[in-house]
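What the coordinates show
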Amino acid sequence: MQFHLNGFQAGDPELHPAGQTQLPIQPDAVDVLIVGSGPAGLVLAAQLACFPNILTRVVERRGGRLQLGQADGIACRTVEMFNAFGLAEKLLREAYWVNETAFWRPQADARQGIHRTGRVQDTEEGLSEFPHVIVNQARIQDYLLDSMLKSPQRLAPDYNLELTDVARDSHPTHPVLATLTHADGGQAVQVRARYLVGCDGARSKVRAAIGQQLRGDAANHAWGVMDVLAVTDFPDIRLKVAIQSASAGNMIIIPREGGHLVRMYVDLGEVTEHNRTAIKATRPEQLIAAAQRILHPYALDVKSIAWCSVYEVGQRLTDRFDDAVDGAGAAREPRVFIAGDACHTHSAKAGQGMNVSMQDAFNLGWKLAAVLQGRSPSSLLASYSQERQPVAQTLIGFDKEWSAMMGARPKDPLNPAAGGVDPAELQAYFVKAGRYTAGVATHYPPGPLTGQGTWQGLARGLVIGTRLHSAPVIRLADGRPMHLGHAATADGRWRLYAFADASGQALNALCHYLEHDPASPVRRFTAPGADLDSVLDVRAVYQQPHRELKVEQLPGLLLPRKGCFGLIDYEKAFAVDPASSIYQQRGIDAQQGVMVLVRPDQYIAHVLPLDGYRELEAFLQPVFIAQ
Ligand code: FAD
């Protein structure tokens, strides 16, 4: 991490110097009003809090921080995102790591008990440099809240404030009018906002206000969820386990952080109008009894229940995630957005809900910041719904298939005609679906922010529209081994990774063009007086071992002078790690080199030849405003 740029800073380097804008208690006009402080609302808030000149406010109807419960699975992709916020180390230290998953089924000749039918690596080798982990949603939210408090905005949610109405009018700058009501009664307050984002969960009021509905399966599926401290002789209690008993039902065991706590998801089946009241009234003792039946012949002695809930959810989705179409069906600029459970709900089985919700917010956050800072035109905001709605649609399709598979009865080998799923089939499906559950299956199609694959062959493993799959490199100036992707923080900047050609000449020419040519995106889109890398952060990777390269021979663009003292940034140039060449790992053409353009949310926007100057200009022209 970099600090001391504008003077020596004593104390915690994560505590950013406070910006000039301190959040007033009740501003009557804000740039962004975020409704809800769940995972989606807090990722968005943490992203916007980095920008001292964007006035953001978060309202939450709860009285304070979430203490317990709800989701707990953190996909590899989410850990990658957390790393960009500087939160991954804390998360990885505290979390349970899902290294392996075990499958248990009835024996062919003893249908009343269960036995282990398989044990697989949870995440395919090489899918991400980070593991799949488990930590309480409340802690995830704590990390984000802490990051917001240390940000230049020192942002904290306003608790006990419920959004009761949203309207949009013709106000020239702040057309969104939100009505907020204090939990303790009192007068409703009205806040004007340039943009409002409803991160207000599955029963979203913002969704209703923009005329959207969750559509999809009529039926909900119910799970009894309990976080317990228990004594058991079930041997895989510290593994993630999918259990299908012959007649007592299905259960998923998820070990939790801290070494002792375990979450048990007991399948309570489909909810209908007839059984809803009974299912909702399921008591903790009933859940424990069901878990004991499923685990038979193993014993389960629950000593303490930390959290218990009946979680009822259907697979549903809204048609769009913004208000870009008015009540009369006419197109307009979007000003109100929804994210997370407000626009899509998933089953708990594939652990998607919290992860996808946070990725929605990460997609929207940098776009809002770019528009509010005058770096990008407001047309950029239409891409949020255009990109994220289809992702949610695909995930819901996957979630349905996954839920059907995981919820199916085990096939009885002595009675195959009775149907059910074969254990080997289920295990194979689990492995195949790993890209989805790891969160790395998202692939944005060509569009305004993702180029065509004309030059994809120059970097076969860095696929346009997917997230940058990081790989090891050595930082040139200090010889530090690190991951290339970890050089990028969640600061709203675009990145251009330039991989050197065999002679290095095309890379040098690119650096010269970017730094000096008035048509280059660096020159055109960087505001006068701003640091050279403040919009497009260029990083270069060389093919030679780092000791064969000389810092003093780097192009000026890779040693930019920054901040009030004009200090040199030495962290722009990298060399291959000979033990694990990024060129080989990511299929980069070592003869020609390549430039890989990456968006602030870590997704690859384009792959271009090193001399593709005109193509780079044409691609970025509509994304940025010339300064
Ligand atoms: P949420 O986490 O729902 O956050 C919405 C926030 O908005 C809440 O803090 C809410 O208080 C606030 N809010 C709502 N309306 C207003 C308003 N009008 N004004 C102000 N604030 C408002 N997922 C799993 O994978 N496994 C589970 O076991 C599981 N259990 C769950 C149990 C419960 C009780 C709930 C509600 C959800 C559960 N989920 C579970 C789902 C998972 O928590 C969500 O997918 C995830 O939290 C979605 O994040 P979000 O930020 O979109 O919404």
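A separate point is the pairing of strand β14 (residues 250-255). Counting buried positions along β14 yields six of six residues, so the element is predominantly enclosed. Covered by surrounding structure in β14 are Asn250, Ile252 and Ile254 together with Met251, Ile253 and Pro255, the residues of both alternating faces. Looking at chain direction, strand β13 (residues 240-244) and β14 are connected through four bridges and run antiparallel. In the sheet register, Ile243 faces β14, and the bridge partner there is Met251. In the sheet, β14 pairs with strand β15 (residues 262-271) via five bridges, with the strands oriented antiparallel. Residue pairing for β15: Ile252 is matched across the bridge by Tyr265. In this structure, the hairpin formed by β14 and β15 is closed by a connection of six residues, where Gly258 is found at a positive phi of approximately 100 degrees.

Here we come to the packing of aromatic side chains. Evaluation of the coordinates by the stated rule reveals 15 aromatic pairs. On the numbers, 4.0 Å between centres and 5 degrees between planes, the contact of Tyr513 with Tyr613 is stacked. Placement of the pair is Tyr513 in helix α12 (residues 505-516) and Tyr613 in helix α15 (residues 613-620), with a sequence separation of 100 residues. Following the ring pairs from residue to residue traces out a cluster consisting of Tyr195, Phe321, Phe337 and Tyr384.

Between its first and last C-alpha, helix α7 (residues 284-295) extends 16 Å over twelve residues, near the 16 Å set by a 1.5 Å rise per residue. At its buried positions, α7 is contacted by β12 (220-232), β13, β14, β15 and β16 (300-313).

This part takes up a nonpolar patch on the surface. A surface patch of nonpolar side chains, amounting to about 260 Å² of accessible area, comprises Leu5, Phe565 and Leu567. Note that Phe565 resides in the loop between β24 (561-562) and β25 (567-568).

As a further point, take the sheet that holds strand β17 (residues 316-317). The strands that make up a sheet are held in pairs by hydrogen bonds between backbone atoms, and each pair lies either parallel or antiparallel. Sheet architecture is open: three strands sit in the order β11-β17-β19, paired in antiparallel fashion. Each edge of the sheet is formed by a strand with only one pairing partner; in this case those strands are β11 (215-216) and β19 (344-345). Bridging between β11 and β17 involves two bridges; their strand directions are antiparallel. By the bridge assignment, Gly216 is partnered in β17 with Arg316.

Let's shift gears to the sheet that holds strand β21 (residues 480-483). Strand order across the open sheet formed by seven strands is β21-β20-β26-β23-β22-β27-β28, with mixed pairing between neighbours. Looking at the sheet topology across the chains shown, the edges are occupied by β21 and β28 (604-608). Here the average twist between neighbouring strands, direction ignored, is 30 degrees. Its contacts with the sheet place α15 against β22 (494-499), β23 (536-542), β27 (594-598) and β28, and it is angled at close to 10 degrees to β27.

Counted residue by residue, helix α1 (residues 39-48) has ten buried out of ten residues, so it is predominantly covered. Every buried residue of α1 is accounted for by Pro39, Ala40, Gly41, Leu42, Val43, Leu44, Ala45, Ala46, Gln47 and Leu48. At its buried positions, α1 is contacted by β1 (29-35), β2 (56-59), α2 (76-84), α4 (137-150), β10 (189-198) and α8 (353-372).

About the cut-offs
- Residues numbered from 1 in each chain as written.
- Predicted model: local features only at pLDDT ≥ 70, side-chain atom pairs only at ≥ 80, totals over all residues.
- Heavy atoms only, no water.
- Buried < 20%, exposed > 50% of the residue type's maximum accessible area, 1.4 Å probe, protein only.
- Helix = DSSP H or I, 4+ residues; strand = E, 2+ residues; numbered from the N terminus.
- Pairing = 2+ DSSP bridges.
- Phe/Tyr/Trp six-rings, centres within 6.5 Å; stacked < 30°, edge-to-face > 60°.
- Expected span 1.5 Å × (residues − 1).
- Contact = heavy atoms within 4.5 Å.
- Patch = residues over 30% accessible without salt bridge, like charges linked within 9 Å, V, L, I, M, F, W, Y side chains within 5 Å.
- Areas by Shrake-Rupley, 256 points an atom, 1.4 Å probe, with all protein chains shown as cover.
- Salt bridge = Lys/Arg side-chain N within 4 Å of Asp/Glu carboxyl O.
- Axes fitted to C-alpha atoms, helices over the stretch in contact; angles between N-to-C directions.

So yeah, pure geometry; function would need other evidence.
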